[in-house]
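For reference, the chains in residue letters:
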Amino acid sequence: MCSSDLSAHPLHTYHPDSCGTGERSCDMVGRVALLLGALLPACTAVKVKVASSTVTLQQDASDSLKERPVQKVVRLLEDMKAELSKEMEDDKAVYEQLDCWCKGGTKEKTSAISMAQQLSAQLESSLSEAAAKVMELKTKRKSTWDEIQADHKALNEATEIRHKEGAAFHGEEKDLLMAAQSCKQAVVVLSKHNPTLAQIKSMARTLQVARVQELLLSASDSGMSRMRQDTFKDFLDGAGKASSFLAIPGMQSYAPQSGQIFGILKQMQEQFEASLSDAQKSEAQAVEEFTALRSAKQEEIKAGEEKLVQTDADLAGLGEKAAEETKELEDVLAQLALDQEFLANLGTKCAAADAEMEARTKSRLTEMSAVEDTIKILNDDEAFANFEDRKSVV
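Just so it is clear, the model here is predicted, and its values are computed rather than measured.

Definitions and limits used
Residues numbered from 1 in each chain as written. Predicted model: local features only at pLDDT ≥ 70, side-chain atom pairs only at ≥ 80, totals over all residues. Heavy atoms only, no water. Helix = DSSP H or I, 4+ residues; strand = E, 2+ residues; numbered from the N terminus. Buried < 20%, exposed > 50% of the residue type's maximum accessible area, 1.4 Å probe, protein only. Areas by Shrake-Rupley, 256 points an atom, 1.4 Å probe, with all protein chains shown as cover. Salt bridge = Lys/Arg side-chain N within 4 Å of Asp/Glu carboxyl O. Core = buried A, V, L, I, M, F, W, Y, C linked by side-chain atoms within 4.5 Å. Polar contact = N/O pair within 3.5 Å; in protein donor to acceptor, adjacent residues only side chain to side chain. Contact = heavy atoms within 4.5 Å. Phe/Tyr/Trp six-rings, centres within 6.5 Å; stacked < 30°, edge-to-face > 60°. Lys NZ or Arg CZ within 6 Å of the ring centre and 35° of its normal. pLDDT = per-residue confidence, 0-100.

Side note on the overall build of the chain
Each helix and strand in the chain was counted, giving nine helices and zero strands. Evaluated residue by residue, the chain yields a buried proportion of 29% over its 394 residues. Within the structure as shown, the chain displays about 24300 Å² of accessible surface, and the carbon and sulfur contribution to it stands at 56%.

A closer look at the pattern of salt bridges
Summed over the entire model, instances satisfying the criterion amount to 18 salt bridges. Asp-91 is the salt-bridge partner of Arg-360, the closest N and O atoms lying 3.0 Å from each other. Within this pair, whereas Arg-360 is found in helix α8 (residues 260-378), its partner Asp-91 is found in helix α4 (residues 69-190), the two being separated by 269 residues in sequence. Per residue, the accessibility class of Arg-360 equals that of Asp-91, and both read buried. In this structure, Glu-283 and Arg-162 form a salt bridge, with 2.8 Å as the shortest nitrogen-oxygen distance. Remark: Arg-162 occurs in helix α4 and Glu-283 occurs in helix α8; sequence separation between them is 121 residues. Both residues of the pair, Glu-283 and Arg-162, belong to the buried class. Here the residues in one salt-bridge network are Glu-87, Asp-91, Arg-360, Arg-364 and Glu-367, joined through shared partners.

Considerations on the nonpolar core
Counting 28 residues, the largest nonpolar core has Met-203, Leu-207, Val-212, Phe-232, Phe-235, Leu-265 and Phe-272 as its most contacted members. The set of elements that each furnish at least two residues to this core consists of α4, α5 (197-209), α6 (212-218), α7 (226-239) and α8. Ranked by the residues each element gives to this core, the list is headed by α4, at nine residues. The next biggest cluster of nonpolar side chains, apart from the first, holds 11 residues, and it includes Val-73, Met-88, Val-371 and Ile-375.

Focus on the side chain of Asp-339
Residue position: Asp-339 is located in helix α8. At 3.2 Å, the side chain of Asp-339 forms a polar contact with the side chain of Lys-109. With residues up to four places along the chain from it excluded, the contact list for Asp-339 reads Lys-109, Ala-112 and Ile-113.

Description of the side chain of Lys-297
Structurally, the position occupied by Lys-297 is in helix α8. Excluding anything up to four places from it in sequence, Lys-297 contacts Asp-151, Ala-154 and Leu-155.

Points about the environment of Gly-319
Looking at the secondary structure, you find Gly-319 in helix α8. The class for Gly-319 is partly exposed, based on a relative accessible area of 38%. Considering only alpha carbons, one finds Gly-319 and Ala-131, 188 residues apart in sequence, at a separation of 9.0 Å.

Some points on the packing of aromatic side chains
One pair of aromatic rings is described through two measures. These are the centre distance and the angle between the planes. For the coordinates displayed, the defined rule picks out zero aromatic pairs. Over the aromatic face of Phe-342 sits the side chain of Lys-109, whose NZ or CZ is 5.2 Å from the ring centroid.

Considering the environment of Glu-305
Here Glu-305 lies in helix α8. Placed 164 residues apart in sequence, Glu-305 and Arg-141 show a C-alpha to C-alpha distance of 10.0 Å.

Brief notes about the environment of Thr-206
Mapped onto the fold, Thr-206 is located in helix α5. As a C-alpha pair, Thr-206 and Leu-236 span 30 residues in sequence and 10.0 Å in three-dimensional space.

So, the confidence of the model for the chain
Here the chain averages 77 in pLDDT, and 71% of its residues register 70 or above. This model gives residues 254-258 a pLDDT under 50, and the stretch forms 16 contacts once residues within four places in sequence are excluded.

Below, the structure written as structure tokens:
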């Protein structure tokens, strides 16, 4: 496992310039020289003891054979070599952790950066699609709104026309009802056995008030000949001024039902009643058609309004989603920038650590080589002989 805390390791505090190979070598040589200097008094003491006693000299020689003074130096150098080797192993162990941390951090951040880039691309694509969808929904909403307004306009126009048609029908219906009833009453009067002149005159006034003649003339197809129309007109005009029953135009005798006016009134009654029936049927058809049109338009308006509500809900949902994705994209891009910066710094620091480890290893190997060479020199027989000669001179 890689240690996450490497800040206290020597690789983070060691500086090659503060302790170079030359300084370490010089320190080593100085320490060796001090040891050699310490051995010289020991050699002098040995010489004095030889002069005083042969037994003592032999004992000292035996001790010297057991451990020569130069061997102390060799042992010190071997300890130094072991210490250098241990330090190099320690550096190697920590460097392996540091290298593991570098590789792990690089792998982790590289993966995080890749995922962030993919996620940001997905979010940008989603936001782009959402923007296009919003534009589409706004276009559809405007179209739906225009359709609703057109339906309202058509319904209002149809309603206005229906009101006008209804008013016209009611006026026509009223006139036809009055005309038909007036004709019917006139027929009833003329059907009596001996109607009075006053009754005839009253009947004529009623027919005039009901505008029977005008309705007859305005009818496109009254079914009455021009002559009969003229006869009826003369009857209405003459009835008011007649002084006797026979003086009234169209009245041929005191038996009114046998005269022309009776037949004309019966025909007019039937005609007005037929016209009234046709008008009522037409009105009923118009009302039915208007009701169907109104229902259809109201359904279209209702459907359009429901569509507007759904479209507004969809727009609100897209807006909320876009806001969330925009915030998420901002967070992803911010974290991506931090990860990229961290990865760049990590690469720089790990490269520096690699260079530092290489320099430290080279320095350790140089020191160890120097120590090994020194030990080899001191362990050489010639070196022992030279040292013994120096002791003899001393």
